[in-house]
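Below are the chains, spelled out letter by letter.
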Amino acid sequence: MRKLHGGCLCGTVTFSLDDDFSHFYLCHCDQCKKLTGSAHASNLFTQPNNIRWEQGEQAIVRYNHPTRTFSNAFCGQCGANLPYLSQSGKALIVPAGSLNEQSSKSPDCQIFCDEQASWHKAGMLTQHLPGFPE
């Protein structure tokens, strides 16, 4: 099994895990948009014990939404999103952007599309905007 590595932006928190994911969702719900400050969250799901914290675990801050089973974990230094155990304890949720290498798992689907930002609707971004390498 291929090993992946990840961490936060400032390097305070680092981790490794197996490239063994059951699901990969792009979530457009209002909470994920607020959480990421972007159009959607990109989350991979794996077994709860599929992680080894290499350093900085004590710097992780966790937020549990008060009315939903929605959580987030992030570095207390730089604010970058990090993996966290779901509130049910049944899954480890790994923000795809927290990985240093790309997972072999491709996105399964987009969810909460009714809440998708109008400027991000399918094809709207890629059809009319120029792309630049950097």
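Above this note sits the structure.
Below: a short report on this structure. Since we're looking at a predicted model, the values are computed, not measured.

### Some remarks on the packing of aromatic side chains
Under the definition given, this model contains 2 aromatic pairs. A centroid spacing of 5.7 Å and a plane angle of 65 degrees characterise the contact between F15 and W53, whose relative ring orientation is edge-to-face. Of this pair, F15 sits in strand β2 (residues 14–18) while W53 sits in strand β5 (residues 52–55), placing them 38 residues apart in sequence. What makes F15 buried here is its relative accessible area of 1%.

### Some details on the side chain of S16
Along the chain, the position of S16 falls in strand β2. Among the polar contacts made by the side chain of S16, one reaches the side chain of E54 at a distance of 2.6 Å. Aside from chain neighbours lying at most four places away, what touches S16 is K3, L4, H5, I51, R52 and E54.

### As for unusual backbone geometry
One non-glycine residue, F112, adopts positive backbone phi at about 55 degrees. Considering the arrangement of structural elements, one finds F112 in the loop between β10 (109–111) and α2 (124–128). With a relative accessible area of 41%, F112 lands in the partly exposed category.

Conventions we followed
Residues numbered from 1 in each chain as written. Predicted model: local features only at pLDDT ≥ 70, side-chain atom pairs only at ≥ 80, totals over all residues. Heavy atoms only, no water. Phe/Tyr/Trp six-rings, centres within 6.5 Å; stacked < 30°, edge-to-face > 60°. Helix = DSSP H or I, 4+ residues; strand = E, 2+ residues; numbered from the N terminus. Buried < 20%, exposed > 50% of the residue type's maximum accessible area, 1.4 Å probe, protein only. Polar contact = N/O pair within 3.5 Å; in protein donor to acceptor, adjacent residues only side chain to side chain. Contact = heavy atoms within 4.5 Å.

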